[in-house]
Amino acid sequence: MTNIFREFIQKVGSGSHTSENLTRAEAATATKMMLLGEATPAQIGAFLIAHRIKRPTGEELAGMLDAYYELGPKLQPIAQPVIVLGIPYDGRTRTAPINIITVLLLAAAGQSVIMHGSYRLPTKYGLPLIEIWQGLGVDWTGLPLEQIQQVFEQTGIGFVYTPKHFPLNQTLWEYRDQLGKRPPLATMELIWCPYAGHAHIIAGFVHPPTEAMFQVALGLRGVTQFTFVKGLEGSCDLPRDRTAIIGLSSLTTSPELERLHLVPREYGFTTKNVPLTTTEELIKDMQAVLAGQAGELMQTALWNGGFYLWRSGLSLDIQAGIAKATELLSSGAVAAKLQELKIEFR
């Protein structure tokens, strides 16, 4: 088996003029061999850094997704439409995240959402989703996948915590820490779907070429509904300090992305992102938002909530979505959704 993997290294690691892309099947095999420990540590390290230097293709990402779908955890289908949010595992360091408030808001409006992530991880070691959830009184780390499924069905919110639900993946994080660079697996994770049914994939990105890779990979996987957001620190959070650049799956047969450029000030928001200070301060500010209190983080919550309610088909347009988000937060419906979730964990 190690000879097979050596061939993959030779293909991707032969330099800028002679290296070759892997086929989808080869990328899937290489990923499975790394996850299952069938490649040696030296081979895995060589492959990850060589593949980063070469840069992945959409076809290779599709193969990696095939392997993750085969070996990884999957929540089972439910009757309601489902969104899967792809957010960088290495967390946030500069800007206050709002995605968990967005998820609670969407669930309160009837839109089911799945998140996935881990603890503090390389290369940024920023604030991860799991610590924010814990700060709000919800700890996903101890539940087996069967209980996560029950919570998901009951509340419309699910969280796949990879250290517990996908332990095969943890070994690869050790390599990523030692290499000090994000390998293409970190890109692939943003569009990974740990759900066995049809889902709307929403992924953040930083670099424009990533969008095209995402589109090819999801197309090969048969995903027809997706949203790509050039968000804060590569997340799905819409920025307030610049125009939000968003790619949407087309409602027609056109292969082109539908393009949105959303200007915050045109919707009444100031062009200012909320900085991330401490986790404790963030949790305090989030609790104020859940209590319906005005503030800068509330503005970020309404901006994102309005967009995602519209994108989920729950509002006719973004302005109507903002009004609906305002109502859901001020009425206590979003806080009630968090309380419902806490009850499930007792």
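Residues numbered from 1 in each chain as written. Predicted model: local features only at pLDDT ≥ 70, side-chain atom pairs only at ≥ 80, totals over all residues. Heavy atoms only, no water.

K.L.:
Help me out: how do you make sense of the packing of aromatic side chains in this one?
P.N.:
This model, assessed by the stated rule, comprises 16 aromatic pairs. Geometrically, the ring pair formed by phenylalanine 152 and tyrosine 195 is edge-to-face, given 6.1 Å between the ring centres and 85 degrees between the ring planes. Remark: tyrosine 195 occurs in the loop between helix 10 (184–188) and strand 4 (200–204) and phenylalanine 152 occurs in helix 7 (residues 145–155); sequence separation between them is 43 residues. Tyrosine 195 matches phenylalanine 152 in its accessibility class, with the two residues each being buried. Each ring, one from phenylalanine 166 and one from tryptophan 192, has its centre 5.6 Å from the other, and the planes form 40 degrees; the classification is tilted. (Phe/Tyr/Trp six-rings, centres within 6.5 Å; stacked < 30°, edge-to-face > 60°. Helix = DSSP H or I, 4+ residues; strand = E, 2+ residues; numbered from the N terminus. Buried < 20%, exposed > 50% of the residue type's maximum accessible area, 1.4 Å probe, protein only.)

K.L.:
Would you explain the sheet that holds strand 4 in this entry?
P.N.:
Sheets are built from strands that pair by backbone hydrogen bonding, the pairs being arranged parallel or antiparallel. With mixed pairing, the seven strands of this open sheet are ordered in space as 3-2-1-4-5-6-7. What marks the edges here is a single partner per strand, and that holds for strand 3 (157–161) and strand 7 (258–262). Looking at each pair of strands side by side, their axes are set apart by 20 degrees on average, direction ignored. Here three bridges tie strand 1 (residues 82–86) to strand 2 (residues 112–117), and the two strands are oriented parallel to one another. Across the sheet, the residue bridging to valine 82 is serine 112, located in strand 2. Sitting on the sheet, helix 5 (residues 99–108) is in contact with strand 1, strand 2 and strand 3, with an inclination near 155 degrees to strand 2. (Pairing = 2+ DSSP bridges. Axes fitted to C-alpha atoms, helices over the stretch in contact; angles between N-to-C directions. Contact = heavy atoms within 4.5 Å.)

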